[in-house]
Amino acid sequence: MSALAGTSEAELIRLEREIARQHLDKFPYFAVAWAFTNLAVWLSLWPLVFTGILPLWAGFLIASFNVAACYLPSHEAQHDIIARPGTKLRWLNQLVGHLSTIPLVLPYRVARLTHLEHHTHANDPALDPDHSTQASGPLHAIWTSIQNRQPGAKGGLNSYAETLKRIGRADVLLDAALYNLAFYGILFALAWSGHAIEAALLWWLPRHIGLTYIHYYLSWAPHHPATDKGRYRDTRSFRAIFGNIGSMGMQYHIVHHLHPRIPLYRTPRAYWQMREILEARGCRVDEL
Amino acid sequence: MLKLVGLVLHYMPLIFGIGFLAPLIAQLIERAGLALPYGIAPLAAGLVIGGLWGAQAQFRGRWI
């Protein structure tokens, strides 16, 4: 039984907030460095592979890692963790947000607005833009991610358009349209100039692999089975076979949903500090 | 302009089949050193396979 069993709700809230405060407003140096380094490495793959310095198979592996890893710095920016509006480093927050997801072909404004809706309506089948990743198990989650990327799919990135229309931000769809036109335009130009295999293995296929990985660890695993609603039940802690780094820090996703402005690198520490409080709250923390 | 963009994106599966899959298939055939029957050019094979695959994706709303 939790040591905090019987503690009043007001006291639990106070204790939880006290811990959260210790982790807020910490500058995420690693996420900022990660954003620029990751993008620079991915961009450098193109000349390295085209000039024969790096073999294509190695470029493919690195590019797949780059695409899978590119979302999280933007995620820190989406929650204003790097710098809040009106502060001196706000430009850096926005720069990281815009640049880091270029390999993923995901515009910052689309990512930010839909992600904030996910936080507001987590696990709501009608209103959570990420609810389409719900699946019965790991293999089903991977298959669902692939199915959500089909042209006629209702879920995945396609459901983001519906979310943007619902919240009155259809204007942001232009960002997505321009990103997609640029992405396909570059792929077509490379393909017809004799570099289709390079384009497929440095961008097209890594993007699919990255999206699958992101859907699996950032959306499916931390919310599974994605049936409960409410801030203490809509997500969980879990044990990933690749560990916390391999799951891109998502083992402690429950802390992120409760306190979205805690930087990713502080969520493990915050989790272990508030675990008993979460247990007393009836949170799903049995795996860790 | 926006209508044109919307139109292009609507027909993207078909365009992708011809614009990307066709040259990709052709270059894979060439890279693998495969000789197609009846002297069919790799690009012709790519256009047929990529075009048909893109057309069915456009029609059915799914690649696989």
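Above this note sits the structure.
Read on for a plain summary of the structure. All of these numbers come straight from a predicted model, not from anything done at the bench. (Residues numbered from 1 in each chain as written. Chains lettered and ligands numbered in written order. Predicted model: local features only at pLDDT ≥ 70, side-chain atom pairs only at ≥ 80, totals over all residues. Heavy atoms only, no water.)

**Concerning the packing of aromatic side chains**
Applying the stated criterion across every chain, the model contains 23 aromatic pairs over all chains. Relative to A:Trp220, the ring of A:Tyr216 has its centre 5.1 Å away and its plane inclined at 45°; by these criteria the two rings are tilted. A residue pair is termed a helical-turn pair when its members lie 3 or 4 positions apart in one helix, as A:Tyr216 and A:Trp220 do in helix H9 (residues 173-223) at 4 residues. One exposure class covers both A:Tyr216 and A:Trp220, and it is buried. Here a set of aromatic residues connected by ring pairs shows up, and it is made of A:Trp42, A:Trp46, A:Phe50, A:Phe183, A:Tyr184, A:Phe188, A:Trp203, A:Trp204, B:Phe16, B:Phe20, B:Trp53 and B:Trp63. Taking the ring centre of A:Phe183 as reference, the NZ or CZ of A:Arg207 above it sits at 5.1 Å. (Phe/Tyr/Trp six-rings, centres within 6.5 Å; stacked < 30°, edge-to-face > 60°. Helix = DSSP H or I, 4+ residues; strand = E, 2+ residues; numbered from the N terminus. Buried < 20%, exposed > 50% of the residue type's maximum accessible area, 1.4 Å probe, protein only. Lys NZ or Arg CZ within 6 Å of the ring centre and 35° of its normal.)

**Things to note about helix H3 (residues 42-60) of chain B**
All names here are of chain B. Compared with an ideal rise of 1.5 Å per residue, which puts 19 residues at 27 Å, H3 spans 26 Å between its outermost C-alpha atoms and is within 8% of the ideal. Residues of H3 that are buried include every one of Ala45, Gly46, Gly50, Gly51, Gly54 and Ala57, and no others. Where H3 is buried, its residues touch helix H2 (12-32). Just downstream of H3 lies glycine 61, where phi reads positive at about 80°. (Expected span 1.5 Å × (residues − 1). Contact = heavy atoms within 4.5 Å.)

The values reported here are purely geometric and, on their own, carry no functional implication.
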